[in-house]
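Residue-level structure breakdown
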Amino acid sequence: MLQGFLLSLSLLLAATATAGPALPGDSVYNLPASMTDQSGRVLAWQDLRGKPVVVSMFYTNCHLMCPLIIASGKALQKQLPQDQQSALDFAVVSIDPARDTPAALAEVSQQHRLDNARWHLLRPEARDVRTLASALGVRYRAQPDGSFNHTSVLILLDRDGRIVARSEVDGLQPDPAFVSTVREHLAAPN
Amino acid sequence: MFAAAVVWFALMGTSSPTTQADFVEVPGGEFRSTVRSDAGDGPRTVTGFAMSRRPVTVREYERFVREQPQWRRDRVPSLVADRAYLAHWHSADAAGSDVDPDAPVTQVSWFAADAYCNSIDARLPDWAEWEYVAAADATRRDARGDSSWRARLFDDGTPRAVDARVDSPANAYGVRGLHGTAWEWVGDYASLLGNADKRGSNDGDRLQFCGASGLSFANSDDYAVLKRVALLSAMEPRSTLGNLGFRCVRSSP
């Protein structure tokens, strides 16, 4: 009985600690969404809160732009000083959850030798894709051949999920101005 | 006797003011959209679905806000609704006596419309679905060949609109208000046009989109449709307008 009470008390405290202070109104984490990552772990979109994150949207069957999104994210990571590399996470959200199973996402992670501690390849629920894309300003459209048109961007979110900066992906290397913004953001005390 | 029972059941399904708007089955068909897609401007197949007979009303939206108070104007995060969201309502959960409870709800964002439709196990219509049903007048499923009817659609979104009056007839599908005093959100409004900033630059489009380029217009005579698409494309998903509402659809099982 007492044990049960203590357990629920500690769960309650844990929940309070995770929730932290109220989210800013313009945080993209205001959207409730559940996701599965490349290792099959179920997490809430809000679980990314607490650290700055570079986020993008893609689908694994894409052969032109999507590898560039990941390549330019990796290049960005490399251009950061060592101590900043561990302070930044990457989240790539699928717009094609029907085909982007955790196994498909894990394959992408292996192909690109992603550091699974830093990189989250996420499969949202089908009904949340468009809402997430809208919050992130990502446009996409399913094509008759099963592919998607979509905007390819890297978006820097602060630790509370506010959009700090965004950069169109147009090659293997990230825009130098965006890299500077990320550096400055990570260097700033918060 | 049997027919009477059917009518009675039909009435039971629609008469209560607390039930949600009833939906009418829209049979699928071939349709040539005014908005050209990447697949070209030929006819496309629209799959059958069910559409709400009228836009979501103020009364229905009030109930939604009471059931899901995170959508009250004083609690909604700024991410999903601008400052004008429901600003004309008397209070945070009641429109008040100055607002007709049966009028289409307006000053709601795309996020809010999306959440409302989800709450009744429905969704916002895609543009293709909306345009398909809105091509009908009271007697024809595709009245777009009639230039005088088309010209009247210029008044969409104003008090002079074809469907502005409460007693305006339903269209050939049994749907009302598509050409009413309020414009309507569609689910895929954000991808109706390619990024305006990049238009004219093929390289930009190719790089920005994974795949083909954005969309353009197949029939530039349909000015009223172009006006609607231009208006919707200019919106942010958190934006609201005094004459922009929505309705919901359900995919056919």
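Computed from a prediction, not measured in an experiment: that's the story for all the values here.

**Quick word on the state of the cysteines**
Residue and element names in this part refer to chain B. Scanning the model with the defined rule gives 1 disulfide over all chains in all. The disulfide partner of Cys 117 is Cys 248, and the S-S distance across this bridge is 2.1 Å. One disulfide, between Cys 117 and Cys 248, carries an S-S torsion of -85° and so falls in the left-handed class. Highlighted residues: Cys 117 in helix α3 (residues 110-119) and Cys 248 in the loop between β8 (244-245) and β9 (249-251), separated in sequence by 131 residues.

**What about the confidence of the model for chain B?**
Residue and element names in this part refer to chain B. Here chain B shows a mean pLDDT of 84. Residues at 70 or above account for 79%. The model gives residues 1-19 a pLDDT under 50, and that stretch makes 7 contacts with residues more than four places away or in other chains. Low pLDDT, under 50, characterises residues 195-214; the predicted model gives this stretch 36 contacts beyond four residues in sequence or across chains. Taken together, the chains of this predicted complex give a pTM of 0.85 and an interface ipTM of 0.83.

**Some points on the packing of helix α5 (residues 129-136) of chain A against α3(B)**
For the pair α5(A) and α3(B), interaxial distance at closest approach is 11 Å and the crossing angle is 170°. Judged by the inter-axis angle, α5(A) sits roughly antiparallel to α3(B). In this structure, α5(A) contributes Arg130(A), Thr131(A), Ser134(A) and Ala135(A) to the contact, and α3(B) contributes Trp110(B), Phe111(B) and Asp114(B). Looking at the contact of α5(A) with α3(B) residue by residue, the class counts come to 3 nonpolar, 2 polar and 2 charged.

**Quick look at the nonpolar core**
Counting residues in each nonpolar core, the largest one holds 113 residues, and the members touching the most others are Trp45(A), Tyr61(B), Tyr85(B) and Phe246(B). Here the element with the most residues in this core is α3(B); it accounts for 7 residues. The residues contacting Trp45(A), other than those within four sequence positions of it, are Val28(A), Tyr29(A), Leu31(A), Ala33(A), Met35(A), Val55(A), Val93(A), Leu132(A) and Leu136(A). Listed in part, the 5 residues of the second largest apolar core include Ala143(B), Trp149(B), Leu153(B) and Val162(B).

**Examining the pattern of salt bridges**
Tallied over the full model, the rule gives 22 salt bridges over all chains. The residue Arg49(A) makes a salt bridge to Asp160(A) at a minimum N-O spacing of 2.9 Å. Taken as a pair, Arg49(A) in the loop between β2 (42-44) and β3 (53-58) and Asp160(A) in the loop between β8 (153-157) and β9 (163-168) lie far apart in primary sequence, 111 residues in all. Summarising the burial analysis for this pair, Arg49(A) and Asp160(A) share the class buried. Of the charged contacts, one joins Asp137(B) and Arg140(B) as a salt bridge, the two residues approaching to 2.6 Å between their closest N and O atoms. On the accessibility criterion, Asp137(B) (11% relative accessible area) is buried. The class for Arg140(B) is partly exposed, based on a relative accessible area of 34%. Taken together, the shared-partner salt bridges in this structure form one network comprising Arg49(A), Asp158(A), Asp160(A) and Arg162(A).

What counts as what
- Residues numbered from 1 in each chain as written.
- Chains lettered and ligands numbered in written order.
- Predicted model: local features only at pLDDT ≥ 70, side-chain atom pairs only at ≥ 80, totals over all residues.
- Heavy atoms only, no water.
- Disulfide = S-S within 2.5 Å.
- Helix = DSSP H or I, 4+ residues; strand = E, 2+ residues; numbered from the N terminus.
- pLDDT = per-residue confidence, 0-100.
- Contact = heavy atoms within 4.5 Å.
- Axes fitted to C-alpha atoms, helices over the stretch in contact; angles between N-to-C directions.
- Parallel < 35°, antiparallel > 145°, perpendicular 65-115°, else oblique.
- Nonpolar A, V, L, I, M, F, W, Y, C, P; charged D, E, K, R; others polar.
- Core = buried A, V, L, I, M, F, W, Y, C linked by side-chain atoms within 4.5 Å.
- Buried < 20%, exposed > 50% of the residue type's maximum accessible area, 1.4 Å probe, protein only.
- Salt bridge = Lys/Arg side-chain N within 4 Å of Asp/Glu carboxyl O.

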